[in-house]
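Read off the chains here:
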Amino acid sequence: MPNKVHHEINRLSWNEATKAHNSHKGDQAAFFRAGGSTLFEEEKRLLGDIAGKTLLHLQCNCGQDSLSIANHLGAIVTGVDISDEAIDFARQLSRDSGIPAEYIRADIYDFFANNQTQYDLVFASYGALVWLSDLDAWAKGIRRCLKRGGTFVFIDFHPALLMFGENWQLKYDYMGGSFVEFESGIGDYVALTGSAGETDELQAGIQDFVNPHPGVEYLWGLADVISALISAGFALVGFGEYPHCNGFKPMTDMRDAGDRRYAMPDRLPQRFPLMFSLVARKP
């Protein structure tokens, strides 16, 4: 059963963290009006030709990827996120950039329960998995949101990466849905990575951000994810692993691999999985 108490803790933490993240990113509306995109090649290949198709973007955060999908891949996009701050920002960014997208503020489990629309595709990416408290309910909810023959596309940071604490020391479980509570809350990973990346040079923004709200992350292995999707009736049609992180530098000594990608430091094995992707189809 989804843990709504944890979700509410995280909603408050995300609301504060989102302000810090966006404070570093400059004029995002101008970036999109000039034709900018936040998408990496991996998700563009996974999504493929989706012009004119309806796409539901789960845990869409502030909507930058949603707008990139709409503007550059031609999909009709609806984004859902639990954070009030993120959805308010996404709606304003859609208006200011002139790129249409619908945004809904909801816990995705509540969205699943109330949604009456079916989409051609469901998409989620980068940092989504750790906020899911119930994978079976998640997979079944995605299936209900898809048309017959519809596709779920997912790309995220690898559960193996999430086992490490500071200095690459093994610290956390790999599988099973255990959770970690952290009083420091969701941090300013934009400042940590050291680049606003897609939109502009890093702006000073909010300095030395300390989140007043704690957070709760869930730890799932690949078998947990795949088994939940298969149990929900999906057919797995694609799976990939990648030796780099897109747009995120969780460890300060990671090697800059160019194009907003970060790889293992030279002193550690280089062919270590840092991201994974999967494509699943509703029969």
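Here, every reference points to the structure presented above.
Residues numbered from 1 in each chain as written. Predicted model: local features only at pLDDT ≥ 70, side-chain atom pairs only at ≥ 80, totals over all residues. Heavy atoms only, no water.

1. Notes on the packing of aromatic side chains
For clarity, the threshold we go by: Stacked, tilted and edge-to-face are the three classes applied to pairs of Phe, Tyr and Trp rings, where Trp contributes its six-membered ring and a pair requires centres within 6.5 Å; stacked means planes under 30 degrees apart, edge-to-face means over 60, and tilted covers the rest. Strands here are runs of E lasting at least two residues and helices are runs of H or I lasting at least four, both read from the DSSP assignment and numbered beginning at the N terminus. Burial status follows relative accessibility: with a 1.4 Å probe on protein chains alone, a residue under 20% of its type maximum counts as buried, one over 50% as exposed, and anything between as partly exposed.
Within this structure, the stated rule accounts for 16 aromatic pairs. Ring plane angle 70° and centroid distance 6.0 Å describe the contact between F40 and Y126, whose orientation is recorded as edge-to-face. Linking F40 in the loop between α2 (28–33) and α3 (41–47) with Y126 in the loop between β4 (119–125) and α7 (135–145), this pair joins segments that are 86 residues apart in sequence. There is no split in this pair, since F40 and Y126 are both buried.

2. Some words on the environment of A232
Spelled out, the test is: Contact between two residues is taken to exist if any of their heavy atoms lie within 4.5 Å; hydrogens are not considered.
By the secondary structure assignment, A232 is in the loop between α9 (222–231) and β8 (235–242). Sequence-wise, A232 and I142 are 90 residues apart; in three dimensions their C-alpha atoms are separated by 9.0 Å. Among all residues touching A232, those that are not within four sequence positions of it are A139, K140 and R143.

3. Quick look at the packing of α7 against α9
Put simply, the rule is: Note on geometry: axes are lines fitted to C-alpha atoms, helical ones only across the stretch in contact, with angles between N-to-C directions running from 0 to 180 degrees. Relative orientations are named as follows: roughly parallel for angles under 35 degrees, roughly antiparallel for angles over 145 degrees, roughly perpendicular for angles from 65 to 115 degrees, and oblique for any other angle. Put simply, a crossing is left-handed when the front helix is turned counterclockwise from the back one by less than a right angle, and right-handed when it is turned clockwise. Following the grouping adopted for this structure description, the nonpolar residues are Ala, Val, Leu, Ile, Met, Phe, Trp, Tyr, Cys and Pro, the charged ones are Asp, Glu, Lys and Arg, and the polar ones are all others, Gly among them.
Contact pair α7 / α9: the axes reach a minimum separation of 8 Å and the direction vectors enclose 45°. What the angle tells us is that α7 and α9 run oblique. Between α7 and α9 the crossing geometry is right-handed. Taken together, the residues of α9 that come into contact with α7 (itself represented by L135, D136, W138 and A139) are D224, V225, A228 and L229. Looking at the contact of α7 with α9 residue by residue, the classes come out as 6 nonpolar, no polar and 2 charged.

4. A closer look at the packing of helix α1 (residues 4–23) against helix α5 (residues 84–97)
The description of two helices packed together rests on the angle between their axes and the distance between the axes. Orientation of α1 relative to α5, taken along the N-to-C sense of each, is 45°, at an axis distance of 7 Å. Classified by the angle between their axes, α1 and α5 sit oblique to one another. Contacts from R11, N15, T18, K19 and N22 of α1 reach α5 at D84, E85, A86 and F89.

5. Some words on the nonpolar core
Heads up, the rule is: For the purposes of this section, nonpolar cores are sets of buried Ala, Val, Leu, Ile, Met, Phe, Trp, Tyr and Cys residues that join through side-chain atoms within 4.5 Å.
Membership of the largest hydrophobic core comes to 39 residues, with the highest contact counts inside it found for L47, I50, L55 and I69. For this core, the elements supplying multiple residues, two or more each, are α2, α4 (64–73), α5, β4, β5 (146–157) and β12 (275–281). Looking at which element gives the most residues to this core, the answer is α4, with 4 residues. Non-local contacts of I50, meaning those with residues more than four positions away in its chain, are made with L55, I69, L73, G74, A75 and L121. Counting residues in hydrophobic clusters, the runner-up holds 34 residues, among them W138, I142, A228 and F276.

6. Structural notes on α4
Burial of α4 is extensive: 8 of the 10 residues sit out of reach of the surface. Buried within α4 we find Q64, D65, S66, L67, S68, I69, A70 and L73. Backbone geometry just downstream of α4 places G74 in the positive-phi region, at approximately 80°.

Distances and angles like these do not, on their own, reveal function.
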